[in-house]
Amino acid sequence: MSTKILIIGACGQIGTELTAKLRATYGVDNVVASDIRKLENDVVKNGIFEVVNALDYNQIEHLIEKYQITDVYLMAALLSATAEKNPAFAWDLNMNSLFHVLNLAKAGKIQKIFWPSSIAVFGPTTPRDNTPQYTVMEPSTVYGISKQSGERWCEYYNKQYGVDVRSIRYPGLISWTSPPGGGTTDYAVDIYYKALEDKKFTCFLSENTGLPMMYMDDAIKATISIMQAPAEKIKIRSSYNLSAVSFTPKEIAESIKKHIPEFTIDYAPDFRQAIADSWPASIDDSYARTDWGWQHDFDMERMTSVMLENLAKK
Ligand code: SER
């Protein structure tokens, strides 16, 4: 059976680039992009697009039948900072969209699921440096609680019902094509916009707050590669630690100054500081590297060059 893909949440920060890459890889006719809203963007214009509410089981089932979908990438979610402002809706969206897709797989209507988890599954009692795959996990944010619970359910559906669900714990993701929304790691995207526009940036995290980060191309590569790996190589069915680079606001500012010497940064930590403080500073992702051959391409300097170059053109 040939691969037919449905992306739910295709217009978000990850979905936008994932959709383009999946269309290029599998062919435009084999990829259905969907989102709650129809925007005027490349996701909508460059291929098949459907409006779908990730909380509506029947709508998702209808699309799966209409296009004979085999693989679903569920990218719709409320991120950490937004979820703190609307806990009940975040829990509803993040959990029930996952249950819908897991249950469609359990019913045999789809073959394979990608569902993203996050560094937010870890909490203040987790070892912060080189955080292991298996360790204390006591997330303190609504987003983190939903991702941790989701991981448990993914593993459960895999073990009990044989559902082929695959997941990675994304670090903070940096990209220039479409803006992130509502995350704690988003400062590391905004800083590039402000460096080009204003030559100065006020950071909502303090200067020495280290967090795991990754350039979007690496994240997309990881996503497609875990989905293409033979099932037996995916030994972890909760979610894989995944890592590329780790840096602090001060360090990213230094890397920007190499390109824009007059750039300055100051710090005004807000409620997101506590979220960042509860997350790892760096991640041990050796299981992903061993099990399905993960390796990253972008370090911080390369990421800064690419971000500044592309945003300047934009
Ligand atoms: N980037 C996300 C956030 O900050 C973490 O998964 O919420």
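Residues numbered from 1 in each chain as written. Predicted model: local features only at pLDDT ≥ 70, side-chain atom pairs only at ≥ 80, totals over all residues. Heavy atoms only, no water.

**Some details on the sheet that holds strand β12 (residues 240-241)**
Remark on secondary structure: sheet strands pair via backbone hydrogen bonds, oriented parallel or antiparallel. Strands sit in the order β6-β8-β12 across an open sheet of three strands; the sheet is parallel. The open sheet has two edge strands, β6 (117-118) and β12, and neither has a second partner. Sheet analysis places β6 next to strand β8 (residues 168-170), joined by two bridges and oriented parallel. When the bridges of β8 are listed, S118 appears paired with Y170. Set on the sheet, helix α8 (residues 216-228) makes contact with β8 and β12; between it and β8 the angle comes to about 170°. (Pairing = 2+ DSSP bridges. Helix = DSSP H or I, 4+ residues; strand = E, 2+ residues; numbered from the N terminus. Contact = heavy atoms within 4.5 Å. Axes fitted to C-alpha atoms, helices over the stretch in contact; angles between N-to-C directions.)

**With respect to the packing of helix α1 (residues 13-26) against α8**
Across the interface, α1 lies against α8 with an axial gap of 10 Å and an inter-helix angle of 55°. Relative to α8, the element α1 lies oblique. The handedness of the crossing between α1 and α8 comes out as right-handed. Residues Q13, I14, E17, L18, K21, L22, T25 and Y26 of α1 touch α8, and the partners they reach there are M216, D217, I220, T223, I224 and Q228. Across the contact of α1 with α8, the residue classes break down as seven nonpolar, four polar and three charged. (Parallel < 35°, antiparallel > 145°, perpendicular 65-115°, else oblique. Left-handed = near helix turned anticlockwise from the far one by under 90°. Nonpolar A, V, L, I, M, F, W, Y, C, P; charged D, E, K, R; others polar.)

**Quick notes on unusual backbone geometry**
One non-glycine residue with positive phi stands out, namely N130, at about 55°. With respect to the helices and strands, the residue N130 is situated in the loop between β6 and α6 (142-161). For N130, a relative accessible area of 46% translates into the label partly exposed. Phi at K199 is positive, roughly 60°, even though this residue is not glycine. (Buried < 20%, exposed > 50% of the residue type's maximum accessible area, 1.4 Å probe, protein only.)

**Quick notes on the nonpolar core**
Ranked by internal contacts, the top residues of the largest apolar core, which has 68 residues, are I8, Y187 and Y192. The element best represented in this core is helix α5 (residues 87-106), accounting for seven residues. Setting aside residues up to four positions removed in sequence, Y192 forms contacts with I174, I252, I256, M303, T304, M307, L308 and L311. Among the nonpolar cores identified, the runner-up in size contains 35 residues, and F114, I168, A222 and Y240 belong to it. (Core = buried A, V, L, I, M, F, W, Y, C linked by side-chain atoms within 4.5 Å.)

**Let's talk about the UniProt feature "domain: NAD-dependent epimerase/dehydratase" (unreviewed entry) in the protein**
The UniProt record annotates "domain: NAD-dependent epimerase/dehydratase" (unreviewed entry) at residues 5-235. Here residues 5-235 is 43% helix and 17% strand, with 23 Å between the C-alpha atoms at its ends. (UniProt positions renumbered as here; feature names shortened; annotations may be inferred.)

**Section: the pairing of strand β10 (residues 200-203)**
Across the two faces of β10 the burial differs, with F201 and C203 buried and K200 and T202 not buried at all. As paired elements, β10 and strand β14 (residues 264-267) share four bridges and run parallel to each other. Bridged to F201 within β14 is I265.

**Examining the layout of surface pockets**
Estimated volume of the largest pocket: approximately 990 Å³. If you list the elements that add at least two residues to the lining of the largest pocket, you get α1, α4 (80-85), α5, β6, α6 and β9 (172-174). Looking at the lining of the largest pocket, its residues break down into 26 nonpolar, 15 polar and four charged. Computed from the structure, the second largest pocket encloses a volume of approximately 300 Å³. Surrounding the second largest pocket, 15 residues form its lining, T16, E17, A20, K21 and I220 being those nearest its centre. For the lining of the second largest pocket, the leading source of residues is α1, giving seven residues. A breakdown of the residues in the lining of the second largest pocket according to their chemical character gives four nonpolar, five polar and six charged. (1 Å grid on protein atoms, 1.4 Å probe; cavity = no way out; pocket = protein on both sides within 12 Å on 5 of 7 lines; lining within 4 Å. Points joined across faces, edges and corners; volume = space filled by probe spheres on them.)

**Some points on a nonpolar patch on the surface**
Taken together, W153, Y156 and Y161 make up a surface patch of nonpolar side chains, about 300 Å² in accessible area. Locating W153 in the fold gives a position in helix α6. With a relative accessible area of 35%, W153 lands in the partly exposed category. (Patch = residues over 30% accessible without salt bridge, like charges linked within 9 Å, V, L, I, M, F, W, Y side chains within 5 Å. Areas by Shrake-Rupley, 256 points an atom, 1.4 Å probe, with all protein chains shown as cover. Salt bridge = Lys/Arg side-chain N within 4 Å of Asp/Glu carboxyl O.)

**Let's talk about the packing of α5 against α6**
One can describe the packing of α5 onto α6 by two numbers: an axis separation of 10 Å at closest approach and a directional angle of 15°. One finds that α5 runs roughly parallel with respect to α6. Relative to α6, α5 is oriented so that their crossing is right-handed. Facing α5, whose interface residues are P87, A90, W91, N94, M95, L98, F99, L102, N103 and K106, α6 presents V142, Y143, I145, S146, S149, G150, W153, C154, Y157 and Y161. Of the residues contributing to the contact of α5 with α6, the split by class is 14 nonpolar, five polar and one charged.

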